[in-house]
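What the coordinates show
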Amino acid sequence: MSTTQTLRSARPDLTAVIPAQATPDRNVPEGTEVRGFALYVGLADDKIADGDPRLGEIVTQIKRLVAQLAPAAETYAAVALAPEHTGGRDVDVVRLALGDPAAHARQKQHEAAEQDRAASGVTLDLSRKRVLLDNVPAALTFREFELLQYLVLREGRTVSREELISSLWQDASDEDTPSERTIDVHIRRLRVKLAQYQDIVRTVRGTGYRFDRHADVSILHTAAPSPDVF
C-alpha cells in the first residue's frame, strides 16, 4: 500500500479515535489564548521512497485531513531549506529553519556550552564578566577583571598607571582613588590569580602595563560593541 493510500484510509479512523471529550486539558497561561498549532515534519527529499508521494503531495493530503477534522481551520505550509549536508536530525533542522523559539533557545545553550568548553588557555568572557583558566573560572575580583579587560581591549598599547586610575576610578571619591603604587598591588594580585598565564600582562618599565596578542588568550565579545572600546 502506498503512502497516499495509507493517508486516505487513515482519515476516517482518526476522527473516530479522537473524540472531542478525549482532548486533554491544556494549561494556558493567564492572558493568552490558543490560536492554533505548528506541526514540524522532518523529511528530506532523499528519504522519500520511489513510488511514494512527493513532499508537495504529502502536504496537500495533510491539509485535506485538517480540513476534514476541523473545517474552520486555516492552514499554511512552509518548506524548510538548509545548506547541503547539514548535520543533525531532519526535524531539528526544520525547527531551526522555521524559527521555532524552543529550538533556537536550545541551539544557543549548545553554542554557549561549546564556548565554555574552550581549549586550554585564558578565556576573557566580556558578556559574563568572567575569566576562565583552562576552562576553570578564575576568582578575580570586580576590580581585577576591570583591569584585565581594560588592558586586553587596548591590545598592543602601553597603558600608564595614571590612565588606569582616571578611567577605572573616575567615579571614586578622593579617599577611594588609588595611588600608582596601589595599581601595582592590584596588578600583582591579578597576576597571581592568572597563575601560569600571568605573563599575558606585561610591565613596561617606567610607564605602565600592556597586553599583546597572545595565542593562549581568547575573547568572547558581547553582542553589542563594548562601551569601553574607543
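In case you missed it, the structure is sitting above this.
Once that is clear, we can look at the packing of helix H5 (residues 142-152) against helix H7 (residues 180-194). Running from amino to carboxyl end, H5 crosses H7 at an angle of 90°, the nearest separation of the two axes being 10 Å. When the axis of H5 is compared with that of H7, the two are roughly perpendicular. For the pair formed by H5 and H7, the contact residues are Arg-143, Glu-144, Leu-147, Leu-148 and Leu-151 on the first element and His-186, Ile-187, Arg-189, Leu-190, Lys-193 and Leu-194 on the second. Looking at the contact of H5 with H7 residue by residue, the class counts come to 6 nonpolar, 1 polar and 4 charged.

Right, let's talk about the sheet that holds strand E2 (residues 130-133) for a bit. Spatially, 4 strands are ordered E3-E2-E1-E7 in an open sheet, and the strand pairing comes out mixed. Of all strands in the sheet, those bounded by a partner on one side alone are strand E3 (136-137) and strand E7 (217-220). Alignment of strand E1 (residues 122-125) against E7, held across 4 bridges, turns out to be parallel. What sits directly across from Leu-124, in E7, is Ile-219. Running over the sheet, H5 touches E1, E2 and E7 and is turned about 95° from E1.

Turning our attention to the sheet that holds strand E6 (residues 208-210). With antiparallel pairing, 3 strands are arranged side by side in an open sheet as E4-E6-E5. Looking at which strands have only one partner, the edges of the open sheet turn out to be strand E4 (159-160) and strand E5 (202-204). In this sheet, E6 lies alongside E4 in antiparallel orientation, the contact comprising 2 bridges. Paired with Val-159 across the two strands is Tyr-209, which belongs to E6.

Attention now moves to the pairing of E1. Residues Val-122 and Leu-124 point to one face of E1 and Thr-123 and Asp-125 to the other, with burial holding for every one of them. Inspection of the sheet shows E1 paired to E2 by 4 bridges, in the antiparallel sense. Paired with Thr-123 across the strands is Leu-132, a residue of E2. Taking the residues that link successive antiparallel strands as the turn, the E1-E2 hairpin has 4 residues, and the phi of Lys-129 there is positive, at about 55°.

Relative orientation and spacing of two packed helices are given, respectively, by the angle between their axes and the distance between those axes. One can describe the packing of H5 onto helix H6 (residues 161-168) by two numbers: an axis separation of 11 Å at closest approach and a directional angle of 120°. Regarding the angle of H5 to H6, the classification is oblique. Of the two elements, H5 crosses H6, and the hand of that crossing is right-handed. In this structure, H5 contributes Arg-143, Glu-146, Leu-147, Tyr-150 and Leu-151 to the contact, and H6 contributes Glu-163, Leu-164, Ser-167 and Leu-168. Each residue belonging to the contact of H5 with H6 can be placed in one class, and the counts come to 5 nonpolar, 1 polar and 3 charged.

A word on the packing of aromatic side chains. Centre distance and the angle of the planes are the two values used to describe a pair of aromatic rings. One pass over the full model with this rule turns up 0 aromatic pairs. Here Arg-143 stacks its cationic end above the ring of Trp-169, 4.4 Å away from the centre of that ring. The ring of Tyr-150 has Arg-154 sitting right over it, with the charged end atom 3.5 Å from the ring centre.

We now examine a nonpolar patch on the surface. Taken together, the side chains of Phe-37, Leu-39, Val-41 and Ile-62 present a nonpolar region at the surface, about 430 Å² in accessible area. Tracing the chain through its elements places Phe-37 in the loop between helix H1 (3-17) and helix H2 (55-69). The exposure class of Phe-37 is exposed, given its relative accessible area of 70%.

Here we come to H7. The end-to-end C-alpha distance of H7, which contains 15 residues, comes to 21 Å, matching closely the 21 Å that a straight helix rising 1.5 Å per residue would cover. Residues of H7 that are buried: Ile-183, His-186, Ile-187, Leu-190, Arg-191 and Leu-194. Seen from one end, H7 has its buried residues packed into an arc of 135°, which puts them on one side. Turned more than 90 degrees away from the buried face of H7 sit Arg-181, Arg-188, Arg-189 and Val-192, all of them exposed. Buried residues along H7 sit in contact with E2, H5, H6, E5 and E6. The first or second residue beyond H7 is Ala-195, which carries a positive phi of 50°.

What counts and what doesn't
Residues numbered from 1 in each chain as written. Predicted model: local features only at pLDDT ≥ 70, side-chain atom pairs only at ≥ 80, totals over all residues. Heavy atoms only, no water. Axes fitted to C-alpha atoms, helices over the stretch in contact; angles between N-to-C directions. Helix = DSSP H or I, 4+ residues; strand = E, 2+ residues; numbered from the N terminus. Parallel < 35°, antiparallel > 145°, perpendicular 65-115°, else oblique. Contact = heavy atoms within 4.5 Å. Nonpolar A, V, L, I, M, F, W, Y, C, P; charged D, E, K, R; others polar. Pairing = 2+ DSSP bridges. Buried < 20%, exposed > 50% of the residue type's maximum accessible area, 1.4 Å probe, protein only. Left-handed = near helix turned anticlockwise from the far one by under 90°. Phe/Tyr/Trp six-rings, centres within 6.5 Å; stacked < 30°, edge-to-face > 60°. Lys NZ or Arg CZ within 6 Å of the ring centre and 35° of its normal. Patch = residues over 30% accessible without salt bridge, like charges linked within 9 Å, V, L, I, M, F, W, Y side chains within 5 Å. Areas by Shrake-Rupley, 256 points an atom, 1.4 Å probe, with all protein chains shown as cover. Salt bridge = Lys/Arg side-chain N within 4 Å of Asp/Glu carboxyl O. Expected span 1.5 Å × (residues − 1). Arc of directions from axis to C-beta.

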